Structures are given as C-alpha cells and as structure tokens.
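Residues per chain, in single letters:
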Amino acid sequence: MNDPKVMKERQTVFVVDDDEAARESLRWLLESVGHHVNCPASAREFLESYDGSEPGCLVLDVRMPGMSGLELQNHLIERGWCLPVIVVTGHGDVPMAVRAMKAGAIDFLQKPYNDQTLLDRIQQALELCSQRRQNRSELALIRANHDHLTQREREVAERVVAGKANKVIAIELGLSPKTIEVYCANVMFKMQAHSLSELVQMWMRLHVEAGELS
Amino acid sequence: MGEMASGLAHELNQPLAAIANYSHGCLRRIRSGTGTVDDLTRAIEQVCNQADRAAEIIRSLRGFVNKADSPHQPQDIRDIVHEAILIVGPEARTHEVEINLKFMPDMPRFMGNAIQIEQVILNLIRNAVEAMSNMPPVLRRIDLRTSIEGNMAVVEVRDFGPGLPHETLARIFDPFFTTKMTGMGMGLPICRSIVEAHGGTLSAFHNEKGCGLTVRFTLRRAMEETLHE
C-alpha cells in the first residue's frame with residue numbers, strides 16, 4: 001500500500017517554492033519513488049493552474065515573496081479544497097509553525113529535513129487526501145438521497161432516528177402504525193440503509209457535515 | 001551576530017536542501033535501477049551547482065570570518081583612504097564619478113586593522129558609485145571626509161544620488177537584504193561588524209541639504225598618538 005503507483009487514482013504532489021533549486025531538487029527526489037510532481041514557482045501560479053479537482057497534496061515553503069504560504073493556505077480553506085498541506089521552512093520559527101498548523105497544515109518540517117521523513121509525511125498526506133475525498137463523495141450521496149425523501153418521510157425518519165417506537169410516531173403524526181411501517185421501509189430504501197444503525201449514522205454525518213474536514 | 005547566524009543558516013539551507021534532495025534522488029534511482037546515466041549526470045551537475053552556490057555564500061563572509069584574526073595597531077586613516085582610492089578610483093572614473101577627499105588636518109591615528117578598514121571604505125565608495133548610476137554625470141560626486149568627535153575618529157562617505165525609501169534605509173544593515181540585482185546583501189552587514197569589532201559604529205542617513213545618502217563610521221583613536229604623523 002505504500003507504493004503510490006498502487007493507488008487507484010493518480011495523485012499529484014504540488015511543490016510550491018520560489019527557489020528554483022529547492023523545487024526542482026524536490027521534484028527529482030519525489031519522482032525517484034514514483035510520485036507525479038507539479039512545481040509552480042509561486043502561490044499565485046499554483047492558484048492560476050489548480051481548480052480543486054486534482055487529488056494529491058501540497059508541499060509549501062512558508063517564506064516566499066509575493067503571496068505567502070500562509071495566505072495560500074487561507075485561499076485553500078476559502079475555496080473548500082481538501083488538499084492536505086505540508087509546510088516546509090528553512091527558518092526555525094515556532095510562531096510561524098503554529099500559524100501554519102492553525103491554518104490547517106497537517107505537518108511542519110524544518111529544512112534540512114530527512115528525506116525519508118518527508119516521503120513518509122507525503123505518503124500520509126496522500127492517504128489523507130483519498131480519505132477526505134471518499135468521505136466527501138459518501139456524504140454527497142447521503143445528501144442526495146436525503147433530498148429525495150418526501151416531507152412525510154423526513155418527519156418519520158427523524159422520529160425513528162430519535163429512537164421513538166412506531167406506535168408513538170403513529171400517534172404523534174396521527175397515522176396508523178401500518179402506514180408508519182410503510183414510510184419506514186421507503187426511507188430505508190431511498191437512503192440505501194441496510195439497518196437502523198446505518199440510518200442513524202447517516203443522519204449524524206449529515207449533521208456534523210460542517211466539521212467534515214477536521 | 002545572532003541575526004547574522006540566522007540569516008546565514010537560512011541562506012545556506014537552500015543549497016544544502018537541494019544537494020540532499022538531488023543526492024537522495026540519485027541513490028534511490030541507482031538502488032532501484034531506474035536512473036539513466038544522462039538523468040543521473042544532470043542531477044549530479046545540479047549537486048555541483050548548489051555546492052558552488054554554498055561556497056559563494058561562504059566566500060562572501062570571508063571579511064567577516066577573518067575579522068578577529070589580526071591585532072589592532074595605530075593606523076593613519078589617510079593612508080588607508082588613499083590605498084582604497086587606488087583600487088576603486090578606476091571604477092569611479094568609468095562611471096564618471098568624482099571623488100572629493102577632505103581630510104581633517106592633524107588627524108590622529110586610530111586603532112585597528114588597515115586591511116579591514118580599507119574593505120569598509122571600498123564597500124562604501126562602491127555603494128555610493130552604484131547609487132548614482134541613474135544620475136546625470138555632472139551630478140555624480142562623492143565627498144569623503146574625516147573628522148574627530150571626542151575619542152573617536154569619524155569617516156563620512158556622502159553620495160549625491162536619489163537616496164532610499166525609509167523602509168529600505170531601515171533594512172540596509174540586515175544580512176542578505178539587498179537592493180541590487182546581483183547583490184548578496186552581505187556588504188553593509190560585514191562593514192558594520194568590522195566597525196563594531198573596532199569599537200566604533202556604522203550608520204546611514206539622508207543628507208540634510210540636497211539629496212543623497214551619508215554613510216558614517218567611527219573608530220577609536222589611538223590614545224598614545226597625540227602628535228601628527
């Protein structure tokens with residue numbers, strides 16, 4: 001699983017660094033283990049070429065003229081892109097590290113770094129990216145299924161998820177228990193849930209959606 | 001010194017990191033049998049380039065590194081200025097810059113290392129010459145003056161160029177800060193550390209009248225030398 005070539009979807013390691021030697025040497029190292037690498041020379045150049053759809057991770061030098069690494073991180077967050085960021089710096093600067101981590105970086109490496117450490121972190125970042133994307137597509141499916149429920153079905157589903165018995169729901173909604181059973185079956189079918197606990201999980205994921213990336 | 005060291009560490013880190021990346025990339029390719037001779041050669045050439053880049057940074061520090069070596073002796077500032085003018089004079093003439101020397105009469109000697117103080121003067125004159133490259137030739141002039149202030153000998157190098165924005169002026173002594181296309185940003189920091197090692201100070205300010213910048217440094221007088229040369 002540690003070989004990036006085994007991954008289903010091709011992932012790209014983006015290296016953003018204003019120092020040509022730094023980024024081209026990193027390309028050479030990363031390509032030696034089979035990574036696909038893209039090296040924009042500035043944060044702006046990266047933003048101009050990236051549309052958020054390509055999976056991978058971002059290796060970012062925080063100290064750059066023009067748009068800083070930190071600003072670029074904020075742009076990623078604003079656009080809702082889930083590309084994991086590894087921040088690299090030549091400057092042993094603790095406040096900088098704290099700001100980078102707060103802005104969502106998954107790691108902070110100081111130059112000179114051990115090559116194996118960097119490769120391991122990149123591997124972790126790529127796996128995290130796959131997970132985030134899988135989460136996103138599952139969530140999108142749940143949301144789409146949820147959107148197909150009728151008003152009545154939603155009312156029933158909410159009560160079922162809250163742990164209420166069919167008889168109680170029937171009384172609350174002024175329907176017969178038999179009808180509630182039919183609604184329940186429809187909900188389970190439309191949501192593609194195979195059990196009540198699965199339905200409960202889906203409901204919870206819909207509600208924690210905001211914290212999805214954390 | 002701490003600031004110097006951190007600037008130096010950052011500057012050396014870049015080529016070092018590149019060398020490490022290229023080397024590890026080569027090793028991994030050689031071990032897995034995936035590198036072609038052409039590819040590997042290209043990468044090793046880059047290793048050499050980056051080693052040269054690091055060596056260049058070290059070279060630029062030579063004046064700084066050597067400064068503690070030689071003992072300080074009584075020196076005549078006039079001799080040192082004349083030595084410096086011999087070296088930088090042709091350059092100044094090429095750029096059509098006139099250099100005016102105004103020595104205070106009976107200037108006492110100062111304690112120091114002649115070669116290092118000559119480096120400082122050379123550096124200041126070269127900066128002044130470059131600062132005026134966009135001025136009309138008739139206005140290109142450098143005034144170099146010596147004077148006494150208490151126990152200190154004072155040397156001032158004044159140019160008549162456009163001067164510098166305030167935020168730039170505040171940073172010209174920061175290591176690796178430069179306004180020049182090809183500069184290393186080490187000239188003035190090295191000058192300052194040499195002058196400070198001599199017990200003096202180096203400062204820069206805009207001229208009160210007219211345009212341009214004055215860079216001024218002080219040196220400790222040789223106290224036993226009260227007579228003129």
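Everything numeric in this text was worked out from a predicted model, so none of it was measured. (Residues numbered from 1 in each chain as written. Chains lettered and ligands numbered in written order. Predicted model: local features only at pLDDT ≥ 70, side-chain atom pairs only at ≥ 80, totals over all residues. Heavy atoms only, no water.)

Colleague: Mind showing me how you'd approach the overall build of chain A here?
Modeller: Regarding its fold elements, chain A presents 9 helices and 5 strands. Starting at the N terminus, the α and β elements of chain A follow one another as β-α-β-α-β-α-β-α-β-α-α-α-α-α. For chain A, the residues scored as buried account for 43% of the 214 residues in total. Pairs at least 24 apart in sequence give 65% of the contacts found in chain A among residues at least 6 apart. (Helix = DSSP H or I, 4+ residues; strand = E, 2+ residues; numbered from the N terminus. Buried < 20%, exposed > 50% of the residue type's maximum accessible area, 1.4 Å probe, protein only. Contact = heavy atoms within 4.5 Å.)

Colleague: What should I look at first to understand the interface of chain B and chain A in this one?
Modeller: Accessible area lost upon the coming together of the parts is a frequently used measure of interface size. Contacts between the two partners involve 19 residues from chain B and, on the opposite side, 21 residues from chain A. Approximately 1,700 Å² of surface area, both sides summed, lies buried where chain B meets chain A, with 51% of it carried by carbon and sulfur atoms. Ranking the residues of chain B by area buried against chain A places N21(B), R28(B) and R29(B) at the top, with a combined share of 36%. Applying the counting criterion to the chain B and chain A interface returns 2 salt bridges. The salt bridge partner of D115(A) is R28(B), with a shortest N-O separation of 3.0 Å. (Buried area = accessible area lost by both parts, 1.4 Å probe. Salt bridge = Lys/Arg side-chain N within 4 Å of Asp/Glu carboxyl O.)

Colleague: Is there a simple way to think about unusual backbone geometry in this case?
Modeller: Look at the link from K111(A) to P112(A): it is a cis peptide, with omega at -5°. Looking at the secondary structure, you find P112(A) in the loop between β5 (107-110) and α5 (115-147). The backbone phi angle of Q192(A) is positive, close to 55°, even though this residue is not glycine. By the element assignment, Q192(A) lies in the loop between α8 (177-190) and α9 (196-207). Judged by relative accessible area, which is 43%, Q192(A) ranks as partly exposed. Phi is positive for D106(B), which is not a glycine, with a value near 55°.

Colleague: Any chance you could explain the packing of aromatic side chains here in plain terms?
Modeller: For the coordinates displayed, the defined rule picks out 4 aromatic pairs over all chains. Plain terms: the ring middles of F14(A) and F46(A) are 5.3 Å apart, the flat faces sit at 75° to each other, and that makes the pair edge-to-face. Separated by 32 residues along the polypeptide, F14(A) in strand β1 (residues 12-16) and F46(A) in helix α2 (residues 43-49) bring together distant segments of the chain. An identical accessibility class is assigned to F14(A) and F46(A); each is buried. Between F14(A) and Y50(A) the ring centres are 5.1 Å apart and the planes differ by 75°, which places this aromatic pair in the edge-to-face class. With F14(A) in strand β1 and Y50(A) in the loop between α2 and β3 (56-61), this pair connects stretches of sequence that are 36 residues apart. A single burial state applies to F14(A) and to Y50(A), both of which are buried. Looking at R29(B), its charged tip hangs above the ring of W28(A), at a distance of 3.5 Å from the centre. (Phe/Tyr/Trp six-rings, centres within 6.5 Å; stacked < 30°, edge-to-face > 60°. Lys NZ or Arg CZ within 6 Å of the ring centre and 35° of its normal.)

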